[in-house]
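The chain contents come next:
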Amino acid sequence: MTSPRIPLPSAPAPRLIATDLDGTLLRDDKTVSARTVAALAAAERAGIEVFFVTGRPARWMDVVSAHVHGHGLAICANGAAVVDLHAGGTFQEVRPLGRPAALDVVRALRAAAPGTSFAVEQTTGIHYEPQYPPFFLDPGATIAAAEKLLFEEAPGTAAPVLKLLAQHPDLDPDLFLSVARETAGSLAAFTRSSPTALLEISGLGVSKASTLALCCAQRGISAEEVVAFGDMPNDIEMLSWAGRSYAMGNAHPDVLAAATGRTVDNNEDGVAVVIEQLVAGVANPV
């Protein structure tokens, strides 16, 4: 079957590709297709760095760790951590959510959206409240009230918090995000990547985009030299920041509006389709 031709606007030659994982690079069965593996390798051979930029924690990066080239770095937890996948997911940089701010968020959301339950993602693993949907991939999690999970004897004595997660059993996901931002947007950064009412809460100013910008600045790479891919609201800042960005065919409507272009869906290897054209030097102005 002939691959679709995705319009590629005229722009500086790409130096870095930043791609989300779930719903974007990964197929729905959480695999990376042979075509996508080949496209990633071709990009690296062409001198284009590839960054995986995801909401996943470092310990859930095994799905792509075999396909990391060059630098070996990935941006995890929506920008809260830069990890070295060549070194088993060790943390190179952490941009934490302060525990006092996290506690204020918990109190605010309990009042604004009764029935909300919480989980706390730390550099050492995740822990959650009894009402929170269990993490079967993390059987060693501590189960307790968020206030207890966020307690520390003195500042800096407990593991850094990468993000707080808030789940509501009944609210519409986009409505829940709107309520949270209106209620506590001055305390932390709120986003979502799940089809359910599950919010991901980071420190103020922390996002996929802001951490990617820092990594690019360290390499002397401008936003105009970055091509980004994503499908959910936690990708919007990154897609808006990058010089060229592609929403997947299966993307959230707000993501489609934020991106400069659109590719086919994740199960049709939409990221690979664009990378192949980039590597081949295709430039079809829209």
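Since this is a predicted model, take the numbers as computed values, not measurements.

### Things to note about the overall build of the protein
Alright, step 1. From N to C terminus, the protein includes 9 helices and 13 strands.
Alright, step 2. Taken over the C-alpha atoms alone, the protein extends approximately 55 × 40 × 30 Å along its principal axes.
Alright, step 3. When each of the 286 residues of the protein is scored for burial, the buried share is 54%.
Alright, step 4. A separation threshold of at least 6 residues defines the contact pool for the protein, and within that pool the share at least 24 residues apart is 59%.
Alright, step 5. Side-chain charges in the protein split into 20 positive and 31 negative, and the spacing between the mean points of these groups amounts to 3 Å.

### Some thoughts on helix α2 (residues 34–45)
Alright, step 1. Helix length check: α2 (12 residues) gives 17 Å between terminal C-alpha atoms against 16 Å at 1.5 Å per residue, within 8%.
Alright, step 2. Where α2 is concerned, the buried positions are T36, A39, L40, A41, A42, A43 and E44.
Alright, step 3. G47 sits one or two residues past α2 and shows a positive phi near 85°.

### Some thoughts on the side chain of K208
Alright, step 1. On the secondary structure map, K208 appears in helix α6 (residues 208–219).
Alright, step 2. Engagement of the side chain of K208 in a polar contact is seen with the backbone oxygen of V53, the distance being 3.2 Å.
Alright, step 3. Excluding its chain neighbours within four sequence positions, the residues that come into contact with K208 are D20, V53, T54, G55, N78, G79, N234, D235 and M238.

### Here's the deal with the packing of aromatic side chains
Alright, step 1. As enumerated under the stated definition, the model contains 2 aromatic pairs in all.
Alright, step 2. Geometrically, the ring pair formed by Y128 and Y132 is tilted, given 6.1 Å between the ring centres and 35° between the ring planes. The burial state of Y128 is the same as that of Y132; both residues are buried.
Alright, step 3. Plain terms: the ring middles of F229 and Y246 are 5.7 Å apart, the flat faces sit at 25° to each other, and that makes the pair stacked. Of this pair, F229 sits in strand β11 (residues 226–230) while Y246 sits in strand β12 (residues 244–247), and the two are 17 residues apart along the sequence.
Alright, step 4. You can call F229 buried: its relative accessible area is 0%.
Alright, step 5. Owing to a relative accessible area of 1%, Y246 belongs among the buried residues under this scheme.

### Here's the deal with α6
Alright, step 1. Compared with the 16 Å implied by 1.5 Å per residue over 12 residues, the 17 Å span of α6 between its first and last C-alpha is a close match.
Alright, step 2. Burial in α6 covers these residues: K208, A209, S210, T211, L212, C215 and C216.
Alright, step 3. Summarising the contacts, the buried residues of α6 are in contact with β1 (16–19), β2 (49–53), β3 (73–76), β4 (81–84), β11 and α7 (236–241).
Alright, step 4. Two or three places before A209, at the start of α6, stands the capping residue S207, its side-chain oxygen 3.2 Å from that residue's backbone nitrogen.

### Some thoughts on the pattern of salt bridges
Alright, step 1. For the coordinates displayed, the defined rule picks out 15 salt bridges.
Alright, step 2. With its nearest N and O atoms 2.7 Å apart, the salt bridge here joins R35 to E276. Within this pair, whereas R35 is found in helix α2, its partner E276 is found in helix α9 (residues 270–279), the two being separated by 241 residues in sequence.
Alright, step 3. Among the residues examined, E276 registers a relative accessible area of 33% and is labelled partly exposed.
Alright, step 4. Between D174 and R192 there is a salt bridge, with the nearest N and O atoms lying 2.7 Å from each other. With D174 in helix α5 (residues 173–184) and R192 in the loop between β9 (189–191) and β10 (198–202), this residue pair connects regions lying 18 residues apart in the sequence.
Alright, step 5. Among the charged side chains, a network of salt bridges with common partners joins D20, K208 and D235.

### Observations regarding the side chain of S33
Alright, step 1. Among the structural elements, S33 can be located in the loop between α1 (21–25) and α2.
Alright, step 2. Within the structure, S33 has its side chain in polar contact with the side chain of T36 (distance 3.0 Å).
Alright, step 3. When neighbours within four sequence positions are excluded, S33 is seen to be in contact with R27 and D269.

### Looking at the sheet that holds β10
Alright, step 1. The 5 strands are arranged β7-β6-β8-β10-β9 in an open sheet whose pairing can be described as antiparallel. The two strands at the open ends of the sheet, each matched to only one other strand, are β7 (125–128) and β9. Strand-to-strand twist in this sheet, taken as the mean axis angle between neighbours without regard to direction, amounts to 25°.
Alright, step 2. Sheet topology note: the strand β8 (residues 161–167)/β10 ladder contains 4 bridges and is antiparallel. By the bridge assignment, L165 is partnered in β10 with E200.
Alright, step 3. The sheet contacts of α5 involve β8, β9 and β10, and relative to β9 the element is tilted by about 175°.

### A look at the confidence of the model for the protein
Detailed reading of the predicted coordinates is not advisable wherever pLDDT falls low.
Alright, step 1. Put simply, the protein has an average pLDDT of 92, and 94% of its residues get 70 or more.
Alright, step 2. Predicted confidence is poor over residues 282–286, with pLDDT under 50, and the contacts of this stretch with residues over four places away or in other chains come to 12 contacts.

Conventions we followed
Residues numbered from 1 in each chain as written. Predicted model: local features only at pLDDT ≥ 70, side-chain atom pairs only at ≥ 80, totals over all residues. Heavy atoms only, no water. Helix = DSSP H or I, 4+ residues; strand = E, 2+ residues; numbered from the N terminus. Buried < 20%, exposed > 50% of the residue type's maximum accessible area, 1.4 Å probe, protein only. Contact = heavy atoms within 4.5 Å. Lys, Arg positive; Asp, Glu negative; His and termini not counted. Charge placed at Lys NZ, Arg CZ, Asp CG, Glu CD. Expected span 1.5 Å × (residues − 1). Polar contact = N/O pair within 3.5 Å; in protein donor to acceptor, adjacent residues only side chain to side chain. Phe/Tyr/Trp six-rings, centres within 6.5 Å; stacked < 30°, edge-to-face > 60°. Salt bridge = Lys/Arg side-chain N within 4 Å of Asp/Glu carboxyl O. Pairing = 2+ DSSP bridges. Axes fitted to C-alpha atoms, helices over the stretch in contact; angles between N-to-C directions. pLDDT = per-residue confidence, 0-100.

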